[in-house]
Amino acid sequence: MKKLKVGIIGLGSWGLSHLEAYGQLPFAEVAAVCDANPERLHIAREQYRVSNVYSDAEAMLAGEPDIELISVVTYERNHLQPTLLALRAGKHVIVEKPVTTVPEEAEQMLAASREYGRYVIPGHLLRFEPKYAEIKQIIADGRIGKPVSIYLKRSRENGLFATYRRTHTVYELMIHDLDQAIWYADSKVKKVYATGCSVTGEESPEVLWAQLQFENGTVAVLHSNWMTPDAAGIAINDCTEVIGETGIAHFDTSLAGVQSWTGAGRGTTDVSIHHRQRGRVIGCLADQLNYVGQCILYGRAPTAVSFEDALHGVEVADAIVRSSRQGKEIVL
Ligand SMILES: NC(=O)c1ccc[n+]([C@@H]2O[C@H](COP(=O)([O-])OP(=O)(O)OC[C@H]3O[C@@H](n4cnc5c(N)ncnc54)[C@H](O)[C@@H]3O)[C@@H](O)[C@H]2O)c1
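One structure accompanies this document, and this report is about it.

Calculation notes
Residues numbered from 1 in each chain as written. Predicted model: local features only at pLDDT ≥ 70, side-chain atom pairs only at ≥ 80, totals over all residues. Heavy atoms only, no water. Pairing = 2+ DSSP bridges. Helix = DSSP H or I, 4+ residues; strand = E, 2+ residues; numbered from the N terminus. Contact = heavy atoms within 4.5 Å. Axes fitted to C-alpha atoms, helices over the stretch in contact; angles between N-to-C directions. Phe/Tyr/Trp six-rings, centres within 6.5 Å; stacked < 30°, edge-to-face > 60°. Buried < 20%, exposed > 50% of the residue type's maximum accessible area, 1.4 Å probe, protein only. Lys NZ or Arg CZ within 6 Å of the ring centre and 35° of its normal.

Some points on the sheet that holds strand β1 (residues 4-9)
Consider a sheet: its strands pair through backbone hydrogen bonds, and that pairing is either parallel or antiparallel.
Next up, step 1: A sheet is described by the order of its strands in space; here six strands give the open sequence β3-β2-β1-β4-β5-β6, paired in parallel fashion. Looking at the sheet topology across the chains shown, the edges are occupied by β3 (53-54) and β6 (120-123).
Next up, step 2: Taken strand by strand, helix α1 (residues 13-23) contacts β1, β2 (28-34), β4 (69-72) and β5 (92-96), and its axis lies near 170° from that of β1.

Following this line, the structure appears as structure tokens:
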């Protein structure tokens with residue numbers, strides 16, 4: 001069987017998750033990885049047996065002509081250069097969320113994808129998460145009528161903020177829900193009003209609320225925060241509710257997941273994103289890479305995700321930052 005050769009640029013914690021998830025796919029082979037930090041390359045070589053490791057993306061792209069798909073998993077603000085280099089080198093690209101934190105950069109990525117005839121695919125993995133995908137299915141089947149109101153909440157443990165305050169909360173957390181809201185509403189956002197609250201005085205707020213109005217009349221409220229106390233032992237506390245003209249689709253993860261109650265306190269195990277069970281990787285990251293990889297291998301367009309929607313999500317995120325800073329509504 002012909003294998004799809006894959007490369008990964010950025011082998012931090014989530015890049016390693018990509019490496020593990022690709023390792024799960026029988027038709028794919030991670031041919032090379034690249035990270036600017038030699039310690040990460042050491043881990044790739046020693047723990048994951050990847051022999052072709054590079055500290056420079058251009059060198060990897062030049063040295064690996066057989067690679068067809070690149071995962072870009074560098075820092076949030078650092079996706080443009082590796083994405084453009086890979087597209088120019090004739091590779092398809094899956095670029096992690098947020099695809100960028102600058103709308104013009106997303107436009108550059110899309111233009112390069114068209115110029116070089118290669119896909120640029122946003123890493124919006126929640127479209128492959130069964131609960132979120134089921135809500136889309138319920139809407140698409142017409143079971144709740146046209147969505148009139150969308151509520152999406154995302155809460156994470158406070159300790160993570162020490163790392164992820166490096167990027168504004170709208171790009172780190174809420175960008176997932178922006179993609180979901182755009183997907184569910186099936187429309188463009190025309191107005192935004194947002195409020196942020198910084199508990200520690202950081203530039204990025206720990207608590208962010210955004211109210212959106214879509215062109216087709218749907219309204220949405222998105223709420224992201226980093227305020228769950230670590231000691232509570234609740235890693236993920238997310239909620240979705242779509243009110244349609246004739247019904248409601250809803251889920252709440254806060255109390256519905258797997259919990260362990262031990263001498264160390266309560267723990268929650270998220271099995272839906274990226275998790276190892278019985279020696280294999282499960283979750284929607286692997287499902288997403290499986291889908292994207294098969295699209296590339298068999299020459300199918302990856303229509304389950306949309307870079308145009310991701311670009312719009314970044315435009316809306318940019319408006320959310322401006323609205324929360326200026327304290328006024330922004331019209332897109
Ligand atoms: N989809 C999800 O649910 C999800 C989850 C976690 C992280 N992410 C995203 O994945 C991306 C990476 O996050 P992370 O937590 O792994 O970050 P990280 O800080 O752990 O890793 C980033 C890595 O990129 C490397 N790097 C940066 N610039 C580079 C360059 N030009 N060339 C080569 N290597 C470079 C760094 O050395 C580092 O090892 C972010 O965009 C983040 O938002 C997505």
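What follows picks up the thread again.
Overview of the packing of aromatic side chains
Next up, step 1: Within the structure shown, the criterion is met by five aromatic pairs.
Next up, step 2: Taken together, a centroid distance of 4.8 Å and an interplanar angle of 90° make the contact between Y132 and F251 edge-to-face. Here Y132 is found in helix α6 (residues 130-140), whereas its partner F251 is found in strand β12 (residues 248-252), with 119 residues between them in sequence.
Next up, step 3: Under the relative-accessibility criterion, Y132 is labelled buried at 4%.
Next up, step 4: Residues Y164 and W226 carry aromatic rings whose centres are separated by 6.0 Å and whose planes lie at 10° to one another, so their mutual orientation is stacked. With Y164 in helix α7 (residues 161-164) and W226 in strand β10 (residues 219-228), the pair connects residues that are 62 residues apart, well separated along the chain.
Next up, step 5: What makes Y164 partly exposed here is its relative accessible area of 23%.
Next up, step 6: The class of W226 is buried, set by a relative accessible area of 3%.
Next up, step 7: An aromatic cluster is present here, built from F161, Y164 and W226 joined pairwise through their rings.
Next up, step 8: In this structure, K131 packs its charged tip against the face of F251, placed 5.6 Å from the ring centre.

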